[in-house]
Amino acid sequence: MDQNPNKKMKRALLLLNTIFLAIGGCGGPMIMRLYFIHGGNRLWLSSWLETGGWPIYFIPLLINYLQRRRKEGSAAKPYIIGGPVFVASTVIGVLTGFDDYLYAYGVAFLPVSTGSLVLASQLGFTAIFAFLVVKQKFTPYSINAIALLTVGAGVLALHTSSDRPEGESDKDYNMGLIMMLAAAALYGLILPLVELTYKKARQVITYTVVLEMQLVICFFATLVCTIGMVIDKDFKAIPREAREFGLGETAYYSVLVISGIVWQGFYIGAIGVIFASSTLFSAIIIAVLLPVTEILAVIFYKEKFTAEKWISLVLSLWGCVSYFYGELKHSKDKEKSDARTLETEMPLAVSVDTP
């Protein structure tokens with residue numbers, strides 16, 4: 001696990017983390033919305049649950065440490081992450097904690113479908129910050145994908161008011177929109193910062209380091225949310241809220257536990273995809289998952305699936321196909337270019353050894 005993964009291994013990691021991202025990206029918002037629909041109203045608690053499952057990373061890290069200890073003996077260190085990467089992960093973790101709160105605020109006052117369409121703007125923010133922070137190169141296909149996904153979100157935005165929950169004030173609804181947009185912008189910055197950490201690290205970045213980074217990120221994000229919970233006295237309110245929860249007290253605590261676990265799929269999936277591919281690819285996957293989340297909201301929460309949402313779904317799928325086609329074409333062109341380079345250099349190498 002601590003050796004540089006080859007191309008085949010990176011593809012396997014890309015697939016695995018895409019699955020994690022899909023589970024967390026769709027399941028996290030659905031469970032969080034379930035909490036608010038049935039009487040939950042603790043914003044900092046909801047924020048805390050997004051990263052509160054961080055101890056789960058000790059399981060794979062412990063297994064990895066035991067494997068390394070068998071090979072290296074007492075020389076094996078319990079952790080691999082270096083100082084600079086730790087510091088960068090701490091900063092990213094603090095930013096993630098505030099982003100968790102912004103996102104939870106948006107989910108509290110917006111239907112899942114509306115929140116998802118606002119969050120689709122994250123792709124545009126990520127593209128801008130990726131260009132500024134890590135000098136992300138764009139192809140006509142990736143630009144086309146970004147445009148299609150952004151237009152899809154814009155089409156939905158034309159009719160967001162039709163999804164407004166009954167009895168919700170204009171102030172709460174509008175603040176929900178603003179907070180969700182702010183969450184999209186902040187996470188659009190966080191993703192490129194993760195890739196920048198990979199590039200600037202003074203050590204080899206392996207998947208073990210990625211897991212240790214995520215543990216640090218989630219720990220400090222959870223710390224920020226814990227401070228918020230203490231200030232808002234959320235800990236004291238939990239027992240009363242559990243008793244008044246619409247689905248029952250047992251279901252309340254089950255929702256909290258499941259939410260904490262499922263959200264970890266999103267976070268490890270996001271930075272894992274960056275490790276195996278790029279920031280832009282991670283943002284593309286997140287954007288593609290948004291219409292899927294909307295469909296799930298229609299099925300489970302009986303939200304309206306209007307013509308605009310169908311159009312958005314088609315545009316999102318089109319954008320996804322465009323991006324993947326461009327990546328496939330770029331990969332094939334690169335392989336052909338490398339092959340031509342080898343053919344050109346081989347005769348020169350032979351001529352050197354010829355008397």
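K.L.:
I would appreciate a short explanation of a nonpolar patch on the surface in the present structure.
P.N.:
On the surface, a nonpolar cluster with roughly 460 Å² of combined accessible area is contributed by Ile-56, Ile-59, Ile-63, Val-257 and Ile-261. When contributions to the nonpolar patch are tallied by element, the ones reaching two or more residues are α3 (58-72) and α11 (249-276). Note that Ile-56 resides in the loop between α2 (43-51) and α3. Under the relative-accessibility criterion, Ile-56 is labelled partly exposed at 38%.

K.L.:
Please explain the confidence of the model for the chain as it appears in this structure.
P.N.:
Note: predicted coordinates in regions of low pLDDT should not be interpreted at a detailed level. Across the chain, the average pLDDT comes to 84, with 87% of residues at or above 70. In this model, residues 1-5 is a region of pLDDT below 50 whose contacts with residues beyond four sequence positions or in other chains number 14 contacts.

K.L.:
Would you mind going over the packing of helix α8 (residues 170-200) against helix α12 (residues 279-301) with me for this structure?
P.N.:
Direction vectors running N to C along α8 and α12 enclose 145°, while the axes themselves pass 9 Å from each other. Taken as a pair, α8 and α12 cross one another with a handedness that is right-handed. In contact with Tyr-187, Leu-191, Pro-192 and Glu-195 of α8, α12 contributes Thr-279, Ser-282, Ala-283 and Ile-286. Looking at side-chain class alone, the contact of α8 with α12 contains five nonpolar, two polar and one charged residues.

K.L.:
Even after reading the chapter, I still don't get the environment of Arg-33, so can you show me in this structure?
P.N.:
Structurally, Arg-33 is set in helix α1 (residues 7-37). Exposure remark for Arg-33: the relative accessible area of 10% places this residue in the buried category. Along the chain, Arg-33 and Leu-110 lie 77 residues apart, while their C-alpha atoms are 8.8 Å from each other. For Arg-33, the side chain forms a polar contact with the main-chain oxygen of Leu-110, separated by 3.4 Å.

K.L.:
What is the right way to read unusual backbone geometry from this model?
P.N.:
Note on backbone geometry: most residues besides glycine have negative phi, and most peptide bonds are trans. A positive phi angle, close to 60°, is found at Lys-233, a residue other than glycine. Here Lys-233 shows up in the loop between α9 (207-232) and α10 (234-244).

K.L.:
Please clarify how the pattern of salt bridges should be interpreted in this entry.
P.N.:
Opposite charge on two side chains lets them pair, provided their charged atoms get close. Counted according to the given criterion, the structure contains three salt bridges. Residue Asp-234 pairs with Arg-42 through a salt bridge whose shortest N-O separation is 2.7 Å. Of this pair, Asp-234 sits in helix α10 while Arg-42 sits in the loop between α1 and α2, placing them 192 residues apart in sequence. The exposure classification of Asp-234 matches that of Arg-42, with both residues buried. Put simply, Glu-244 and Arg-240 hold a salt bridge, and the shortest N to O gap is 3.7 Å. Taken as a pair, Glu-244 and Arg-240 lie in helix α10 at a separation of four residues, close to a single helical turn. A relative accessible area of 41% means that Arg-240 is categorised as partly exposed.

K.L.:
What am I meant to see in the packing of α2 against helix α4 (residues 83-109) here?
P.N.:
The relative placement of two packed helices is expressed as an angle between their axes plus a distance between the axes. The N-to-C vectors of α2 and α4 enclose an angle of 125°; their axes lie 8 Å apart at closest approach. One way to sum up the angle between α2 and α4 is to call them oblique. Here α2 runs over α4; the crossing is right-handed. Residues Leu-43, Trp-44, Ser-46, Ser-47, Glu-50 and Thr-51 of α2 form the contact with α4, whose participating residues are Thr-96, Asp-100, Tyr-101, Tyr-103, Ala-104, Tyr-105 and Ala-108. Looking at the contact of α2 with α4 residue by residue, the classes come out as seven nonpolar, four polar and two charged.

About the cut-offs
- Residues numbered from 1 in each chain as written.
- Predicted model: local features only at pLDDT ≥ 70, side-chain atom pairs only at ≥ 80, totals over all residues.
- Heavy atoms only, no water.
- Patch = residues over 30% accessible without salt bridge, like charges linked within 9 Å, V, L, I, M, F, W, Y side chains within 5 Å.
- Areas by Shrake-Rupley, 256 points an atom, 1.4 Å probe, with all protein chains shown as cover.
- Salt bridge = Lys/Arg side-chain N within 4 Å of Asp/Glu carboxyl O.
- Helix = DSSP H or I, 4+ residues; strand = E, 2+ residues; numbered from the N terminus.
- Buried < 20%, exposed > 50% of the residue type's maximum accessible area, 1.4 Å probe, protein only.
- pLDDT = per-residue confidence, 0-100.
- Contact = heavy atoms within 4.5 Å.
- Axes fitted to C-alpha atoms, helices over the stretch in contact; angles between N-to-C directions.
- Left-handed = near helix turned anticlockwise from the far one by under 90°.
- Nonpolar A, V, L, I, M, F, W, Y, C, P; charged D, E, K, R; others polar.
- Polar contact = N/O pair within 3.5 Å; in protein donor to acceptor, adjacent residues only side chain to side chain.
- Parallel < 35°, antiparallel > 145°, perpendicular 65-115°, else oblique.

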